[in-house]
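The lines below spell out each chain.
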Amino acid sequence: MDLHAGTLQESARLPLTGLAWAADRFDRGLGGLVEVVAAAIVLAEIAILGASVTARYVFHAPLVWADELASILFLWLSMLGAVIALRRGEHMRMTGLVSRVSPQARAMLEALAITAAIAFLLMILPHALDYAEEEHFIVTPALEVSNAWRAAALPLGMGLMLIVACLRLLRLGVLKPVLTAVAITATLVALFWLAGPALKPLGKLNLIVFFVGVVALNVFSGVPIAFSFALATFGYLACTTTTPMLVMVGRLDEGMSHLILLAVPLFIFLGALIEMTGMARAMIQFLASLLGHVRGGLSYVLIGAMYLVSGISGSKIADMAAIAPVLFPEMQKRGAKPGDLVALLSATGAQTETIPPSIVLITIGSVTCVSIAALFTGGMLPALVLGIALCFVVWWRYRGEDLSHVVRHSRREIAKLSLIALPAIALPFVIRAAVVEGVATATEVSTIGIAYAVLAGLLIYRQFDIRRLGKMLVDTASLTGAIIFIVGCATAMAWGLTQSGFSQDLARAMSSVPGGGWGFLAISILAFIILGSVLEGIPAIVLFGPLLFPIAKQVGVHEVHYAMVVIFAMGIGLFAPPFGVGYYGACAISKVNPDEGLKYIWGYMLALLIGLVVVAAFPWLSTGFLKF
């Protein structure tokens, strides 16, 4: 999610004097430079992969070096994007507690979130430098250059994050909370370091101390989730094992270097293009002309529009922002309650988590080795089932809606709007068909989608604001960095859990659950609803996916079916109050007080839960169209 910047950026807007002013000026210069480089890398990735697809399918002369160069640039993009996200306060974090405390306590917690990140970066940076030096001896096969050119992104990115975090502390402009946060962080680090000899004999109890206690303390204090994972993993390995920290850097690198994850920035940029070129608006206007005259019609349009555009941008907030401003004014004119609108918008966020090309699907495929094409195929029908469940709630609530003032579109108008919307509606299906039919990989097809959207914007919709491209590229880099850095930290944490023997213990415990596969699915649903509300989707998937998917296969649950179940469960947790941060994102987009939606959202959440039970009970909904 990308709504966590609010409180930290409030401080940055206060009048700055002295050292805070100097820090702000330096931060602007450094941040601008990093943003320019990151935006250039996004463009380079699009060009390289676009050229690779063209060379392979048009000229039948593949560029053997393209994937290797794209992989090198991707690690640089991820690290520089993480720098931008830290500077802008856009790393995923749980703000439920932070937003409810007094202003004084909030200022201290906001400073603590920064000092915790600084503590990790200070401890890991020397090992990242050593890791890059070790990679110097490895030569890449295609380009025949030292792998240090790629690995150097890790220490440089961490060093820049360290500088940016220190500048943010200075820019806060308030001394007492900063000093308090520094003292608390330093004290905790020192206590854990001194307690190392006492912790080692505890054995697997240390898993609770670090991966439950430390993670929970950090997450609920508002520390970004990636740094919460990283601090817990570093503390566990440093204080209770003899593992060299070079290994943790290697696991970070491994988690951030899956080539399939290169699809993430490209689909994020594609989502921004769809909104900028007017393609999203065209789809919504067509659906509104079809259903706007029936009771609850625009609510059905909202569900259908989210089904069509969801997942492409990489951010549910971006999906919602493309749809809500178009539909909500007219829905409110018809008498819809703002609380009901934001509740339905939040529910559709959970309902459409499996719509391809979903970033969550791509991520789960990369960390569990499940076929991306199979996940894309399996995600459509389950999302439709949950959409139908939401439609029942809409029908019940709007069965008495007054439509006397609603103008019904003529067939000619509907036909005209359908022609306008056809290129936009075709895009998601072109993308999905290309991946499922094997025409292109999930990474390559994103460049096809970008080319399609650019041509549609220039030639069909005549709406292409080139002045927005710079911001779109930087936003793409920032969201990419936030996502991929979490993937890297969660991969390191999952490796630590695996090395401790936890995965084997978990496998034995889950395999012995009463009810076999059905009991395993029930526990997984409950677990991922809780995890989704606390950790958000991608961190929960990356951390527990590699541990639980082999168990699912062992108890006879198809991996695609299991993916659909856990993604929906995670989505319900993510978009359900009081902890689900997705709900507050929907409120921010809709400009509605969160309290107004509480009265209405539980009906939609109940419908989603019933739909999830149906999907879990009938595996065919997820696997029926797979090519075994």
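Residues numbered from 1 in each chain as written. Predicted model: local features only at pLDDT ≥ 70, side-chain atom pairs only at ≥ 80, totals over all residues. Heavy atoms only, no water.

J.: For this particular structure, what's the right way to read the overall build of the chain?
T.: Scanning the chain for helices and strands turns up 28 helices and zero strands. In summary, the chain has a C-alpha radius of gyration of 24 Å against a globular reference of 25 Å for 628 residues, a match within 12%. If you line up the chain on its principal axes, its C-alpha atoms span 75 × 60 × 55 Å. When burial is assessed residue by residue, the chain has 59% of its 628 residues classed as buried. (Helix = DSSP H or I, 4+ residues; strand = E, 2+ residues; numbered from the N terminus. Rg over C-alpha atoms; globule rule 2.2 N^0.38 Å. Buried < 20%, exposed > 50% of the residue type's maximum accessible area, 1.4 Å probe, protein only.)

J.: When you look at the state of the cysteines in this model, what are you seeing that I'm missing?
T.: Formally, a disulfide is one covalent bond, and it connects the sulfur atom of one cysteine to the sulfur atom of another. In the structure shown here, the tally under the stated rule is zero disulfides. C489 provides the cysteine sulfur closest to C239, a residue in no disulfide bond, and the two sulfurs are 17 Å apart. C239 sits in the buried class, given a relative accessible area of 5%. (Disulfide = S-S within 2.5 Å.)

J.: Any chance you could explain the packing of helix α11 (residues 245–256) against helix α21 (residues 469–499) here in plain terms?
T.: When two helices pack together, their arrangement is given by the angle between their axes and by how far apart the axes lie. Here α11 crosses α21 at 130°, and the two axes come no closer than 7 Å. Here α11 is positioned oblique relative to α21, judged by the angle of their axes. Handedness of the crossing formed by α11 with α21: right-handed. Contact residues: α11 offers V247, M248, R251, L252, G255 and M256, while α21 offers I484, F485, V487, G488, C489, T491, A492 and W495. Per-class residue counts for the contact of α11 with α21 are ten nonpolar, three polar and one charged. (Axes fitted to C-alpha atoms, helices over the stretch in contact; angles between N-to-C directions. Parallel < 35°, antiparallel > 145°, perpendicular 65-115°, else oblique. Left-handed = near helix turned anticlockwise from the far one by under 90°. Contact = heavy atoms within 4.5 Å. Nonpolar A, V, L, I, M, F, W, Y, C, P; charged D, E, K, R; others polar.)

J.: Honestly, helix α3 (residues 66–88) in this entry has me stumped. Any pointers?
T.: An α-helical segment advances 3.6 residues per turn. Residues three or four places apart therefore align on the same side. Here α3 is 23 residues long and its end C-alpha atoms lie 32 Å apart, about the 33 Å a rise of 1.5 Å per residue gives. Judged by how many residues are buried, α3 sits mostly within the fold: 21 of 23 residues are covered. Count one or two residues on from α3 and you reach G89, which has phi positive near 70°. (Expected span 1.5 Å × (residues − 1).)

J.: Would you explain helix α10 (residues 225–240) in this entry?
T.: The terminal C-alpha atoms of α10 lie 22 Å apart, and with 16 residues this matches the ideal 22 Å at 1.5 Å per residue to within 8%. For α10, the tally of buried residues reaches 15 of 16 residues, placing the bulk of the element in the interior.

J.: What should I look at first to understand the environment of A152 in this one?
T.: Positionally, A152 belongs in the loop between α5 (148–151) and α6 (153–171). Relative accessible area serves as the criterion here: at 26%, A152 is assigned to the partly exposed category. As for A152 and L521, which are separated by 369 residues in sequence, their C-alpha atoms are 42 Å apart. Discounting chain neighbours no more than four positions away, the residues touching A152 are W76 and A132.

J.: Can you walk me through the confidence of the model for the chain in this structure?
T.: Detailed reading of the predicted coordinates is not advisable wherever pLDDT is low. In the predicted model, the chain carries a mean pLDDT of 85, and the fraction of residues at 70 or more is 93%. Low pLDDT, under 50, characterises residues 1–14; the stretch is placed with 36 contacts to residues that sit more than four places away or in other chains. (pLDDT = per-residue confidence, 0-100.)

J.: Looking at this structure, I do not really get the packing of aromatic side chains. What am I missing?
T.: Any two aromatic rings considered together are summarised by their centre-to-centre distance and by the angle between their planes. Taken as a whole, this structure holds ten aromatic pairs when the rule is applied. Here the aromatic rings of F227 and F485 are separated by 5.4 Å at their centres, their planes lie at 55°, and the arrangement is tilted. Linking F227 in helix α10 with F485 in helix α21, this pair joins segments that are 258 residues apart in sequence. Assessed through its relative accessible area of 0%, F227 is described here as buried. In this structure F485 comes out as buried when scored by relative accessible area, which is 0%. Residues F520 and Y562 carry aromatic rings whose centres are separated by 5.1 Å and whose planes lie at 25° to one another, so their mutual orientation is stacked. Of this pair, F520 sits in helix α23 (residues 516–535) while Y562 sits in helix α25 (residues 559–575), and the two are 42 residues apart along the sequence. Taken as a pair, F520 and Y562 share a single burial class, namely buried. (Phe/Tyr/Trp six-rings, centres within 6.5 Å; stacked < 30°, edge-to-face > 60°.)

J.: Before we go on, may I ask you to explain the nonpolar core in this structure?
T.: Within soluble globular proteins, side chains that are nonpolar tend to cluster in buried spots. In this structure, F120, M161, I483, F528 and Y562 are the most contacted members of the largest nonpolar core, which totals 224 residues. Per-element tally for this core: the top contributor is α21, with 17 residues. (Core = buried A, V, L, I, M, F, W, Y, C linked by side-chain atoms within 4.5 Å.)

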